[in-house]
Amino acid sequence: MKRVVITGAGTINSLGHSVPETLEAMREGRCGIGELEFRDVERLAIKIGGQVRGFEAEGRFNRQQMSLYDRFTQFTLAAAKEAITQSGLTFNGDLSARSGVVLGTAGGGVSTWDDNYRSVYEDGKNRVHPFVVPKLMNNAAASHLSMEYNLKGPSFTVSTACASSNHAMAQALAMVRSGMAPVMVTGGSESMLCFGGVKAWEGLRVMSKDACRPFSANRNGMVQGEGAGIFVFEEFEHAKARGADILCEVIGSAMSSDAADIVMPSKQGAARAISGALADARLNPEDVAYINAHGTGTAANDKTECAAVADVFGKHADNLMISSTKSMHGHLIGGTGAVELLACIMALRDGVIAPTIGYEEPDPECALDVVPNEAREAKVNVALSNAFAFGGLNAVLALRKV
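Residues numbered from 1 in each chain as written. Predicted model: local features only at pLDDT ≥ 70, side-chain atom pairs only at ≥ 80, totals over all residues. Heavy atoms only, no water.

A separate point is the pattern of salt bridges. If you walk through the whole model with that rule in mind, you get 23 salt bridges. Close ionic contact of Arg118 with Glu122 constitutes a salt bridge, the shortest N to O distance being 3.4 Å. On the criterion of helical spacing, the pair formed by Arg118 and Glu122 is a turn pair, its members being four residues apart in helix H6 (residues 110–122). The exposure class assigned to Glu122 is partly exposed, which follows from its relative accessible area of 48%. (Salt bridge = Lys/Arg side-chain N within 4 Å of Asp/Glu carboxyl O. Helix = DSSP H or I, 4+ residues; strand = E, 2+ residues; numbered from the N terminus. Buried < 20%, exposed > 50% of the residue type's maximum accessible area, 1.4 Å probe, protein only.)

With a phi close to 60°, Arg205 is a non-glycine residue in the positive phi region. Positionally, Arg205 belongs in the loop between helix H10 (195–202) and strand E7 (227–235). Look at Arg205 and you get exposed, because its relative accessible area is 79%. Even without being a glycine, Ile333 presents a positive backbone phi close to 50°. One can find Ile333 in the loop between helix H14 (326–329) and helix H15 (336–350).

Here the focus is helix H8 (residues 140–149). Of all the 10 residues making up H8, seven are buried; the element is thus mostly covered by neighbouring parts of the structure. Of the residues flanking the end of H8, it is Asn150, one or two places downstream, whose phi is positive at about 65°.

What follows covers the packing of aromatic side chains. The full count for this structure, using the stated rule, is five aromatic pairs. Their ring planes at 25° and their centres at 5.8 Å tell us that Tyr117 and Tyr121 sit as a pair that is stacked. Of this pair, Tyr117 and Tyr121 both sit in helix H6, four residues apart, which is roughly one turn of the helix. Here Trp201 and Phe390 contribute two aromatic rings whose centre-to-centre distance is 5.9 Å and whose plane-to-plane angle is 20°, an arrangement assigned as stacked. Here the residue Trp201 occupies a position in helix H10, and Phe390 occupies one in the loop between strand E13 (382–389) and strand E14 (393–400), the gap between them amounting to 189 residues. In this structure Phe390 comes out as partly exposed when scored by relative accessible area, which is 30%. The ring of Phe236 is capped by Arg3, whose NZ or CZ atom sits 4.1 Å from the centre of that ring. (Phe/Tyr/Trp six-rings, centres within 6.5 Å; stacked < 30°, edge-to-face > 60°. Lys NZ or Arg CZ within 6 Å of the ring centre and 35° of its normal.)

What follows is about empty space enclosed by the protein. On inspection of all chains with the given rule, the structure shows two cavities of 30 Å³ or more. Here the largest cavity is characterised by a volume of approximately 60 Å³. Forming the walls of the largest cavity are Asp258, Pro265, Ser266, Ala270, Asn301, Thr304, Glu305, Phe388, Ala389 and Asn394. At the level of elements, helix H13 (299–313) and E13 are the ones that each hand at least two residues to the lining of the largest cavity. A breakdown of the residues in the lining of the largest cavity according to their chemical character gives four nonpolar, four polar and two charged. Of the volumes computed, that of the second largest cavity is approximately 30 Å³. Lining the second largest cavity are Phe72, Thr76, Leu103, Gly104, Thr105, Asn138, Ala141, Ala142, Thr157, Gly188 and Ser189. (1 Å grid on protein atoms, 1.4 Å probe; cavity = no way out; pocket = protein on both sides within 12 Å on 5 of 7 lines; lining within 4 Å. Points joined across faces, edges and corners; volume = space filled by probe spheres on them. Nonpolar A, V, L, I, M, F, W, Y, C, P; charged D, E, K, R; others polar.)

Put simply, the largest pocket is a space of about 570 Å³. Within the residue set of the lining of the largest pocket, elements represented by two or more residues are helix H2 (57–60), helix H4 (71–87), H6 and helix H7 (132–136). For the lining of the largest pocket, the leading source of residues is H6, giving six residues.

Now for the environment of Leu44. Mapped onto the elements of the fold, Leu44 is located in the loop between strand E2 (34–35) and strand E3 (48–49). In this structure, the C-alpha to C-alpha distance between Leu44 and Gln65, residues 21 residues apart in sequence, is 31 Å. Apart from residues lying up to four places away in sequence, Leu44 is in contact with Phe38, Phe195, Val198, Lys199 and Glu202. (Contact = heavy atoms within 4.5 Å.)

Of all hydrophobic cores here, the largest spans 47 residues; its most connected members are Ile6, Phe231, Phe233, Tyr290, Val380 and Leu399. Elements that contribute at least two residues to this core include exactly strand E1 (4–13), helix H1 (19–28), helix H9 (164–178), E7, strand E8 (248–257), H15, strand E11 (352–353) and E14. In terms of residue count, the dominant contributor to this core is H15 (nine residues). In this structure Leu399 touches Ile6, Cys248, Glu249, Val250, Ile251, Leu341, Cys344, Leu348, Asn381, Val382 and Ala383, once residues within four positions along its chain are discounted. (Core = buried A, V, L, I, M, F, W, Y, C linked by side-chain atoms within 4.5 Å.)

What follows is the structure, given as structure tokens:
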């Protein structure tokens, strides 16, 4: 099995339009959640979210591209540019033929759906733009990314609700490990912050009207966000030979299905994914110092995740640091695991643990060190990133300092 490292990272989210901006916000415990701004927001009961502000798509893409790129694709390409530029890779010849893309998204072109439903049902139009289907399809971002960077190897999209990015990155890891591809561009993106996207989530009654407070006893629900996180996963020897700056090593992953309930999480399913990632990475529980939690801020998710961590780590659970950056950038649904992976990289490279902000009251069912409200300096050699999705689909990644 080949070793796999990350040699490039890029993002755009409510905390920043780049990785340095995002990590600075995480260090400061800054909140990117605020009042939503889009058409008909006054008709919603939920009016807050982690919205990307100041993103000028027209300045980044030409008119033809704008007709093909939904907002989730725009975010993907913006983040990918940062990641691939940092990696220093140029894809041509054999590297182009064998390298690919695997991305996660839950909703794909939700904004395009929303705009065109309005056009047909509200405005009474009988025709839509001929590129509506290629614009809204879930694989649009992966396809455009492959075309932009000449990536001709395996390229596809994974859609597993809130675990989509982690599932995608687990697939990328497996492909590079096996020798199927020397490089995979991976991660995920989401843009559900439009009237139809938020209205649908309102129906679940899991949304907070004021703030995301993971693990705090007075938490009252999740808050949506939007954006993208993109990474370059590269075979270690390939990266070493060209003198690449290695951000960290991806040493394991595991996936599980609760096979129980479409919306309620299972402690056993989550625990299987966590323990599976440890086994795949050949780690002992005591090797792990930090976990970036799924930590949505809902009562069911938070207590289930904490119980799963306690079961897997036993006495070592008390020594773990576990935080949820969703408290700052919101829940990016299919893109969330990718943005959260940045917090793991920051912990490994910089020795800074991103905090769980909004923490106000201890919850006996979440009695772990949740790094409340302020970032913390700590030495971290191994970190995990958890993602647990509706449908009972779980994916956990393990990373190590290089």
